[in-house]
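# Descriptive structure summary
Spelled out from the first residue to the last, the chains are:
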Amino acid sequence: MKKSIIIFFIVLGAFFHAQNIKTKRGIINLDGIPVAKLSNKSNEYIFMDLKETPLYTIKFIDKSIVDSVRDSYILVNRIYNRDKIIEIDYSSPSAFSGEERSAVYTSVKDFKIIDNKGINVKNLDELFSNAPKRKLDSKTKEAYAIRKKIDKLNIEVNKVGEILSNGVPVGYFTNLPVSFGSEDTIIDKTFLDIEIYDAKSKYIGKYITTTKQLKTAAGKSFTIYREMSGRASILKFPTYKAIAERMAIMDPNFIRIQEKVSVGPVSKDVSN
């Protein structure tokens with residue numbers, strides 16, 4: 001009983017001492033008192049003192065790393081000292097908060113840049129001196145590791161369906177549609193799977209358009225893109241380049257640093 005009473009008063013105390021953060025018409029208020037001003041352009045937010053002197057900016061970044069894994073963070077930049085831009089995590093008061101509320105909430109709660117006296121330049125400079133390391137989950141770390149390997153391969157797909165790595169032909173696609181474009185997304189469901197061969201015409205694997213799955217010759221399978229909802233929504237259809245990149249990860253023997261070799265004939269079969 002005593003334990004329940006203690007918990008009740010702790011929660012009650014936290015409620016009464018919680019800061020009321022509101023932004024209305026570009027004015028940031030803490031507990032009803034104006035402390036700073038805010039303007040935005042695209043996804044960059046400019047924080048100013050009450051005299052409208054710009055002091056720092058927050059820019060939101062949301063990018064695809066590989067497949068359906070995305071990374072979201074902010075870039076913080078001091079307007080009076082642009083020698084350094086820091087890349088840090090941000091937080092939101094709720095799952096449905098937009099970027100503006102998240103930018104203000106992070107400034108007040110996480111980094112104490114804004115307090116009841118206005119923008120605390122000392123705390124802002126301290127943030128840049130000791131920027132916190134980003135907290136990436138294991139899935140995001142793995143995605144960055146894969147992305148690093150893919151970037152080293154520098155994979156491209158040319159206008160006839162050849163796959164190149166660092167400018168060297170390493171394979172090709174077959175069963176391509178007549179309207180094929182190397183940067184196109186694959187949206188048509190066809191009876192013929194899009195197949196991949198290496199530079200010596202050895203079968204590597206295929207992309208099944210009906211299930212959006214990649215399958216290697218060895219039997220490994222992977223659903224390359226899954227549709228996501230909310231702010232991090234992405235296209236659910238992959239490009240030919242994305243397919244080649246994922247196949248290179250699934251089969252490490254597919255693409256290696258090698259001498260230039262002659263690529264076999266490229267099929268331009270039509271799928272109805």
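Rules used in this analysis
- Residues numbered from 1 in each chain as written.
- Predicted model: local features only at pLDDT ≥ 70, side-chain atom pairs only at ≥ 80, totals over all residues.
- Heavy atoms only, no water.
- Helix = DSSP H or I, 4+ residues; strand = E, 2+ residues; numbered from the N terminus.
- Buried < 20%, exposed > 50% of the residue type's maximum accessible area, 1.4 Å probe, protein only.
- Contact = heavy atoms within 4.5 Å.
- Areas by Shrake-Rupley, 256 points an atom, 1.4 Å probe, with all protein chains shown as cover.
- Pairing = 2+ DSSP bridges.
- Axes fitted to C-alpha atoms, helices over the stretch in contact; angles between N-to-C directions.
- Core = buried A, V, L, I, M, F, W, Y, C linked by side-chain atoms within 4.5 Å.
- Polar contact = N/O pair within 3.5 Å; in protein donor to acceptor, adjacent residues only side chain to side chain.
- Phe/Tyr/Trp six-rings, centres within 6.5 Å; stacked < 30°, edge-to-face > 60°.

As a further point, take the overall build of the protein chain. Regarding its fold elements, the protein chain presents five helices and 16 strands. Counting every position in the protein chain, which comprises 272 residues, the buried fraction comes to 39%. Taking as baseline every contact in the protein chain between residues at least 6 positions apart, the subset at least 24 positions apart corresponds to 49%. On the protein chain, roughly 16300 Å² of surface is accessible, and the fraction owed to carbon and sulfur atoms is 53%.

Strands in a sheet are paired, the pairing made by backbone hydrogen bonds, and the direction either parallel or antiparallel. Taken together, seven strands build an open sheet; the order of strands is 1-2-3-4-5-6-7 and the sheet is antiparallel. Looking along the sheet, the strands with just one partner apiece sit at the ends: strand 1 (21-24) and strand 7 (81-88). Averaged over neighbouring strand pairs, the angle between their axes works out to 25° when direction is ignored. Judged from the five bridges that link them, strand 6 (residues 69-78) and strand 7 form a sheet pairing that is antiparallel. Its bridge partner being in strand 7, Val76 is matched across the sheet by Ile86.

As judged from the four bridges shared by strand 1 and strand 2 (residues 27-30), these two strands associate in the antiparallel manner. The residue of strand 2 that forms the bridge with Thr23 is Ile28. Where strand 1 folds back onto strand 2 in an antiparallel hairpin, the turn is made up of two residues, including Arg25, whose phi is positive at roughly 55°. Sheet topology places strand 2 next to strand 3 (residues 33-41); four bridges connect them, and they run antiparallel. Paired with Leu30 across the two strands is Ile33, which belongs to strand 3.

Attention shifts here to the nonpolar core. In terms of nonpolar packing, the biggest core is built from 25 residues, with Phe47, Tyr56 and Ile114 touching the most fellow members. The biggest single contributor to this core is strand 5 (residues 54-66), with four residues. With sequence-adjacent residues up to four places away left out, Ile114 is seen in contact with Ile28, Leu30, Val35, Ala36, Phe47, Tyr56, Ser107, Val108 and Ile119.

Before going further, it helps to examine the environment of Asp110. Looking at the element boundaries, Asp110 is found in helix 2 (residues 99-110). By relative accessible area, Asp110 is classed as partly exposed at 35%. Taking the C-alpha atoms as reference, Asp110 lies 7.6 Å from Ser91; in sequence the two are 19 residues apart. Sequence-distant contacts of Asp110, that is, excluding residues within four places in its chain, are made with Tyr90, Ser91 and Tyr105. One polar contact links Asp110 to Ser91, side chain to side chain, over a distance of 2.4 Å.

Applying the stated rule across the entire model yields seven aromatic pairs. Note on Tyr172 and Tyr197: the rings are 5.7 Å apart at their centroids and 15° apart in plane angle, and the pair reads as stacked. Of this pair, Tyr172 sits in strand 12 (residues 168-174) while Tyr197 sits in strand 13 (residues 194-198), placing them 25 residues apart in sequence. Just as Tyr172 is buried, Tyr197 falls in that class too.

Bringing the side chain of Asn29 into the picture now. Locating Asn29 in the fold gives a position in strand 2. Taking relative accessible area as the criterion, Asn29 reaches 16% and is therefore assigned buried. What Asn29 contacts, discounting residues up to four positions off in sequence, is Asn20, Ile21, Lys22 and Pro34.

A word on unusual backbone geometry. Of all residues except glycine, most have a negative phi; of all peptide bonds, most are trans. Even without being glycine, Arg25 reaches a positive phi, approximately 55°. On the secondary structure map, Arg25 appears in the loop between strand 1 and strand 2.

Ordered in space as 10-11-12-13-14-15-16, the seven strands form an open sheet in which the pairing is antiparallel. Looking along the sheet, the strands with just one partner apiece sit at the ends: strand 10 (155-157) and strand 16 (221-223). Pairs of neighbouring strands in the sheet enclose a mean axial angle of 20°, with direction left out of account.

Purely spatial values, then, with no claim about function.
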